[in-house]
Amino acid sequence: PYFTGMLEKFSMAETIEIAKKFNPHAQKVVGIVDSTLTGQGDQGQFLATKNEFAELEFMVLNVSDYSFDEFGQILQNLDDDVILLYLSMNQDKNGVILDQNEQYQFFKMHTTIPVYRTSIGGIGAGIFGGKLIDYEAFGRTSGNLVMEILKGKSVATMSLIEETPYYYIFDYDLIKKYKIPDSLIPLNAVLINKEASPLEKYREIFIGVGVVMVFLI
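Conventions and cut-offs
- Residues numbered from 1 in each chain as written.
- Predicted model: local features only at pLDDT ≥ 70, side-chain atom pairs only at ≥ 80, totals over all residues.
- Heavy atoms only, no water.
- Core = buried A, V, L, I, M, F, W, Y, C linked by side-chain atoms within 4.5 Å.
- Buried < 20%, exposed > 50% of the residue type's maximum accessible area, 1.4 Å probe, protein only.
- Helix = DSSP H or I, 4+ residues; strand = E, 2+ residues; numbered from the N terminus.
- Contact = heavy atoms within 4.5 Å.
- 1 Å grid on protein atoms, 1.4 Å probe; cavity = no way out; pocket = protein on both sides within 12 Å on 5 of 7 lines; lining within 4 Å.
- Points joined across faces, edges and corners; volume = space filled by probe spheres on them.
- Nonpolar A, V, L, I, M, F, W, Y, C, P; charged D, E, K, R; others polar.
- Polar contact = N/O pair within 3.5 Å; in protein donor to acceptor, adjacent residues only side chain to side chain.
- Phe/Tyr/Trp six-rings, centres within 6.5 Å; stacked < 30°, edge-to-face > 60°.
- Lys NZ or Arg CZ within 6 Å of the ring centre and 35° of its normal.
- Salt bridge = Lys/Arg side-chain N within 4 Å of Asp/Glu carboxyl O.

Peer 1: Please provide a residue-by-residue account of the nonpolar core, values included.
Peer 2: By size, the foremost hydrophobic cluster in this structure holds 26 residues, and its most contacted members are Ile 16, Phe 22, Ile 83, Phe 128, Phe 170 and Ile 175. Contributions of two or more residues to this core are made by helix 1 (12–22), strand 1 (28–33), strand 3 (82–86), strand 6 (166–171) and helix 6 (172–177). With six residues, the single largest contributor to this core is helix 1. In this structure, Phe 128 is in contact with Phe 22, Pro 114, Val 115, Tyr 116, Ile 123, Ile 169, Phe 170, Asp 171, Leu 174, Ile 175, Tyr 178 and Ile 180, ignoring residues within four places of it in sequence. If you look at the next biggest cluster of nonpolar residues, it comprises 22 residues, including Leu 98, Phe 106, Val 115 and Ile 123.

Structure, rendered in structure tokens:
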């Protein structure tokens, strides 16, 4: 082959899995999309995940079939047995477009259940969280591939990297709001709005004091 790179695959199944862990009474997964090309691609990925969760009902809500006023009412009426997955929500049936920040505020105003996401943006601004692509690690690896090519390595000898780097990230204010036990949060998850404990906050000072004390002894 004369191409290489990294596979960028959203962690939809893992996000649904952690949502089930947080809400074991969930019966349904609702995926929010629109009629843009991106939105229809999101819908395809969402429905392709369906076979992994035979115990859950999958439902698509296409914002482009409604006005934003109508759609807000639908969101407000969703029960707490729903896992709500925000994939794309750019344009309603009247052609009204919301930018990203307006979308986050829309969810904040019109939902009473956690809003999960598999792509970057909105966490800490109304979106609950999910398992996201680690674009920093993605960029480092991609940069290393480019450097190897510039140094003369043949692309034909370089395999496509199929393991996408991910990390969990959640809004801790919403973790508390929905009364989710800390024990269920994945290890090493990034927690927005979580104040560091005194030990975490002053860790370097404690270490420095400990080193000084060792030298004094």
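Having put the structure on the table, let's press on.
Peer 1: With reference to specific residues and values, describe the layout of surface pockets.
Peer 2: Looking at the largest pocket, its volume works out to about 290 Å³. Lining the largest pocket are 17 residues, with Phe 22, Asn 23, Asp 80, Pro 114 and Tyr 178 positioned closest to its centre. Put simply, the parts of the chain that give the lining of the largest pocket at least two residues each are helix 1 and strand 3. The dominant element in the lining of the largest pocket, judged by the number of residues it contributes, is strand 3, at three residues. Of the residues contributing to the lining of the largest pocket, the split by class is 11 nonpolar, three polar and three charged.

Peer 1: Go over the environment of Asn 23 with me, naming the residues and quoting the values.
Peer 2: Residue position: Asn 23 is located in the loop between helix 1 and strand 1. Ignoring sequence-local partners within four residues, the contact set of Asn 23 consists of Asp 80, Asp 81 and Val 82. Engagement of the side chain of Asn 23 in a polar contact is seen with the backbone oxygen of Asp 80, the distance being 2.8 Å.

Peer 1: Describe the environment of Gly 129, naming the residues involved and giving the relevant values.
Peer 2: With respect to the helices and strands, Gly 129 occurs in strand 5 (residues 129–133). In this structure Gly 129 comes out as buried when scored by relative accessible area, which is 0%. C-alpha separation for the pair Gly 129 and Tyr 172, spaced 43 residues apart in sequence, amounts to 9.4 Å. For Gly 129, the residues in contact, after removing those within four places along its chain, are Val 115, Tyr 116, Arg 117, Ile 123, Ile 169 and Phe 170.

Peer 1: For the packing of aromatic side chains, give the residues involved together with the corresponding values.
Peer 2: Overall, the coordinates contain 12 aromatic pairs when judged by the stated rule. When the ring of Phe 22 is compared with that of Phe 170, the centres are 5.4 Å apart and the planes differ by 70°; the resulting orientation is edge-to-face. Here Phe 170 lies in strand 6 and Phe 22 lies in helix 1, a separation of 148 residues in the sequence. Residues Phe 22 and Phe 170 agree in their burial class; the two are buried. Seen from their ring centres, Tyr 168 and Phe 170 are 6.2 Å apart, and the 15° between their planes marks the pair as stacked. Both residues of the pair, Tyr 168 and Phe 170, count as buried. Positioned above the aromatic ring of Tyr 172 is the side chain of Lys 194, whose terminal nitrogen or guanidinium carbon lies 5.4 Å from the ring centre.

Peer 1: Please set out the pattern of salt bridges residue by residue, giving values where relevant.
Peer 2: A side chain of one charge can pair with a side chain of the opposite charge if their charged atoms are brought near each other. In total, this model carries four salt bridges according to the counting rule given. For Lys 93, the salt bridge is made with Glu 70, and the minimal N-O distance between the two is 3.4 Å. Of this pair, Lys 93 sits in the loop between strand 3 and helix 4 (100–110) while Glu 70 sits in helix 3 (residues 68–76), placing them 23 residues apart in sequence. Its relative accessible area of 45% is what places Lys 93 among the partly exposed residues. Assessed through its relative accessible area of 36%, Glu 70 is described here as partly exposed. Close ionic contact of Asp 173 with Lys 176 constitutes a salt bridge, the shortest N to O distance being 3.9 Å. Here Asp 173 and its partner Lys 176 are both found in helix 6, three residues apart, which amounts to about one turn of the helix. Assessed through its relative accessible area of 49%, Lys 176 is described here as partly exposed. One salt-bridge network, in which partners are shared between bridges, spans Glu 17, Lys 20 and Glu 55.

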